[in-house]
Amino acid sequence: MLELGPGWLRLICLSILCLCLCLPSGLNARRAPKIPRCPATCSCTKDSAFCVDTKAIPKSFPPGIISLTMVNAAFTTIPEGAFSHLHLLQFLFIENNDIQALSKYTFRGLKSLTHLSLSNNNLQQLPRDLFIHLDILTDLDLRGNSFRCDCKIKWLVDWMEKTNTSVPAIYCASPFEFQGRRIHDLVPRDFSCISADFAVYETFPFHSVSVESYEFSGDQFVAFAQPESGFCTLFVWDHVELVFRRFHNITSHSAVYCKPVVINNTVYMVVAQLFGGSHIYKWEEGPQRFVKIQDIDTTRVRKPNFVETFQLDEEWYFIVADSSKAGSTSIYRWNSNGFYSHQSLHPWHRDTHVEFLDVGGKPHLILSSASQPPVVYQWSRSQRQFSFYSQITELADVQMVKHFWVRRVLYLCLTRFIGDSKILRWEGQRFTEIQTLPSRGSMAVYPFTVGPRQYLILGSDFSFSRVYLWDDLTQRFQPFQELNMRAPRAFSLVSVDKKDLLLTASFKGNTLAYQHLVVDLSAK
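Residues numbered from 1 in each chain as written. Predicted model: local features only at pLDDT ≥ 70, side-chain atom pairs only at ≥ 80, totals over all residues. Heavy atoms only, no water.

## Looking at the overall build of the chain
Heads up, the rule is: Counting from the N terminus, the helices are the DSSP runs of H or I reaching at least four residues and the strands are the DSSP runs of E reaching at least two. Here the radius of gyration uses the C-alpha set of atoms, whereas the globule reference equals 2.2 Å times the residue count to the power 0.38. Only protein chains enter the accessibility calculation, which uses a 1.4 Å probe; a residue is then buried when its area is under 20% of its type maximum, exposed when over 50%, and partly exposed in between. Only heavy atoms enter the contact rule, under which two residues are in contact if any of them lie within 4.5 Å. A residue counts as positive if it is Lys or Arg and as negative if it is Asp or Glu; His and the chain ends are not included. Charge coordinates come from a single atom per side chain, which is NZ of Lys, CZ of Arg, CG of Asp or CD of Glu.
Scanning the chain from N- to C-terminus turns up 2 helices and 38 strands. For the chain, whose C-alpha radius of gyration is 38 Å, the value lies well above the compact-globule estimate of 24 Å for 524 residues. With the C-alpha coordinates of the chain rotated into their principal frame, the extents come out at 140 × 70 × 40 Å. Counting only residues that meet the buried cut, the chain has 49% of its 524 residues in that class. Taking the contacts inside the chain whose residues are at least 6 apart along the sequence as the reference set, 45% of them involve residues at least 24 apart. Taken as two groups, the 52 positive and 48 negative side-chain charges of the chain have centres that lie 4 Å from each other.

## Some points on the sheet that holds strand 35 (residues 476–483)
Counted only if it meets this: Here a strand pair is declared whenever DSSP counts at least two bridges between the two strands. The convention used is that axes are lines fitted to C-alpha atoms, helices contributing only their stretch in contact, and that angles between N-to-C directions extend from 0 to 180 degrees.
Reading across the sheet, the 4 strands line up as 32-33-34-35 and stay open at both edges, with antiparallel pairing between neighbours. Every interior strand has two partners, whereas the edge strands, strand 32 (445–450) and strand 35, have only one. Between one strand axis and the next, the sheet turns through 25° on average, direction left out of account. Sheet analysis places strand 34 (residues 465–471) next to strand 35, joined by 7 bridges and oriented antiparallel. By the bridge assignment for strand 35, V467 is matched with Q481.

## Considering the sheet that holds strand 13 (residues 219–225)
In spatial order, the strands read 12-13-14-15; together these 4 strands make up an open sheet with antiparallel pairing. Each edge of the sheet is formed by a strand with only one pairing partner; in this case those strands are strand 12 (210–216) and strand 15 (243–250). Neighbour to neighbour, the strand axes of the sheet diverge by 25° on average, direction disregarded. Pairing geometry for strand 14 (residues 232–238) and strand 15, over 7 bridges, is antiparallel.

## Digging into the nonpolar core
Stated formally: The definition of a nonpolar core used throughout is a set of buried Ala, Val, Leu, Ile, Met, Phe, Trp, Tyr and Cys residues joined through side-chain atoms within 4.5 Å.
Of all hydrophobic cores here, the largest spans 49 residues; its most connected members are F83, F107 and F131. Broken down by secondary-structure element, the contributors of at least two residues to this core are strand 2 (48–52), strand 3 (67–71), strand 5 (91–95) and helix 2 (154–162). It is helix 2 that contributes the most residues to this core, 5 residues altogether. Residues contacting F131, with those up to four places away along its chain left out, are F107, L116, L126, L140, L142, W155, L156 and W159. Among the nonpolar cores identified, the runner-up in size contains 32 residues, and V261, F306, L345 and V354 belong to it.

## Some thoughts on the side chain of K259
Condition: For the purposes of these results, a polar contact is taken to be a pair of N or O atoms within 3.5 Å, where, inside protein, one atom must be able to donate a hydrogen and its partner to accept one; residues adjacent in sequence count only when each atom of the pair is a side-chain atom.
On the secondary structure map, K259 appears in strand 16 (residues 255–263). Residue classification places K259 among the buried residues on the basis of a relative accessible area of 7%. Of note is the side chain of K259, whose polar atom sits 3.2 Å from the side chain of E212. Residues in contact with K259, not counting those within four places in the same chain, are E212, Y268, M269, V270, V307, E308 and T309.

## Quick look at empty space enclosed by the protein
What counts is decided by this rule: In this analysis the probe radius is 1.4 Å and the grid spacing 1 Å, with only protein atoms considered; a cavity is a set of points the probe fits into but cannot get out of, a pocket is an open set with protein on both sides within 12 Å along at least five of seven lines, and lining residues have an atom within 4 Å of a point. Grid points are joined across faces, edges and corners, and a volume is the space filled by probe spheres set on the points. Just so you know the grouping, Ala, Val, Leu, Ile, Met, Phe, Trp, Tyr, Cys and Pro go in nonpolar, Asp, Glu, Lys and Arg go in charged, and all remaining residues, Gly too, go in polar.
Applying the stated rule across the entire model yields 1 cavity of 30 Å³ or more. The space that makes up the largest cavity amounts to roughly 30 Å³. Lining the largest cavity we find K104, Y105, T106, F107, R108, L130, H133 and L134. For the lining of the largest cavity, a count of residues per class yields 4 nonpolar, 2 polar and 2 charged.

## Some points on the state of the cysteines
Spelled out, the test is: We call a pair of cysteine sulfur atoms a disulfide whenever their separation is within 2.5 Å.
Tallied over the entire structure, the rule returns 5 disulfides. For C38, the disulfide goes to C44, at an S-S distance of 1.9 Å. The disulfide joining C38 to C44 has a torsion of about 75° about its S-S bond and is therefore right-handed. On the basis of relative accessible area, C38 is assigned to the partly exposed category, the value being 28%. C44 sits in the partly exposed class, given a relative accessible area of 26%.

## A closer look at the UniProt feature "domain: LRRCT" (unreviewed entry) in the chain
To keep things clear, this is the line we draw: UniProt positions are given in the numbering used here, feature names are shortened, and annotations may be inferred rather than shown by experiment.
When the UniProt feature table is mapped onto this chain numbering, "domain: LRRCT" (unreviewed entry) sits at residues 145–194. Secondary structure across residues 145–194 divides into 18% helix and 12% strand, with the first and last C-alpha atoms of the span separated by 26 Å.

## Re unusual backbone geometry
Along the chain, S174 connects to P175 via a cis peptide bond; the corresponding omega equals -5°. Following the sequence through the fold, P175 ends up in the loop between strand 10 (172–174) and strand 11 (194–204). Of note, E314 is a non-glycine position whose phi angle comes to about 65°, a positive value. Relative to the helices and strands, E314 resides in the loop between strand 20 (304–312) and strand 21 (315–322). On the basis of relative accessibility, which here comes to 76%, the residue E314 falls in the exposed class. Of note in the backbone geometry, S336 takes a positive phi value of approximately 85° without being a glycine. With respect to the helices, strands and loops of the structure, S336 is situated in the loop between strand 22 (328–334) and strand 23 (339–347). Given the relative accessible area of 54%, S336 is considered exposed.

If you want it as structure tokens, here you go:
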């Protein structure tokens, strides 16, 4: 055996020692973690960092930083979670920069933050609920920004009213009506943030010239007159699928108007036809269909254009506007077995529409005509008939007159096919024109309310139909929205299952249902 001397043994031991010292850290003791350095654009102490001319928020700082200041930054937006790696941060000063936008979650993760300054930046608005996760925030400085005090800042007004955080006075830079006002002095009602929109909800693949809605036995129905098939088509609202589904057809030849009326829990349908006479149908529960019970005198009604129903002294009536040269607009009265002729109004005037309204407790009818300006008939209770009362205006070419009420004041809208439409207000003795609305090609107008909002829609054969919204301040209609529908002839509002649906009968396109959607502009 080879024997090694003491010198060789010392050499071997030194080699082994060197080998151990040179082993990788994973095989030897773990190397201590590298301590993050202070970013090049920052000055750091044991617990604070002061950054100038930074191009982006640094990704790492020395441990223990509880205070961060950033001035003259070279960026204008701060993204989501920008400071989430600084979970011990208590003081954050982002001052004297050109910061213009923040993410809703810019300060996510800063559970220890007590002081925050965003002063002297270029902020015009702040994302909704920006400070909601800052549970122990005690001081907030927003001074020196150009805040636009509109719906997008309403949440801040609400928050400052409820929070215990101290916020020095800040002011509105715009819009003009709020310029210079302290945001602390604003209240939520200063903002008009609830808007609306009409969006297509359901499409019916057929043309129609009339639409009427009615309720019966807890269900909501709509009836359409279809010019191509000549039918009256009924749809019923499906409370499960939340759409209208086809329910029944009344077979007819040339229906131009289908008018439902519910009398003593029975549904009757007046079907006005261009050819073959007009008829009255009754809904029979047994066979579940409409059965014809009566014909309308063809010597009186030759070319019907519109049907209106109304009650006088607890008795039911309907009136058919006749648009022929030889026919006569006629009134029929219900007498427990059917409708019977009650009165014929002026013949030879080619009437296009009838509007029933009550003025000062006195029933009136307004007849629109192709051959003369609109005229008013007033009900005589002693004679139990309507008699000529007055002419509303000298305007010709009035296709339709509809009335509406705003704060107990009566208004009329006169729609015209060639000229502009008019809004008239009742002044106690007569109607006075207060507004002109452009409406070339309009044959249908419909005032309606959804909640507190008063709308008016003017149909058009040549361009978009226009929806107007009543403005209480100016007491005028303001343009609200344009809807794309082809040659609308009638409208009807249906409110069911918390939905407000505007049904539109279209002569040259699909029949449509628009949903009225309420939009909170402050929630965006």
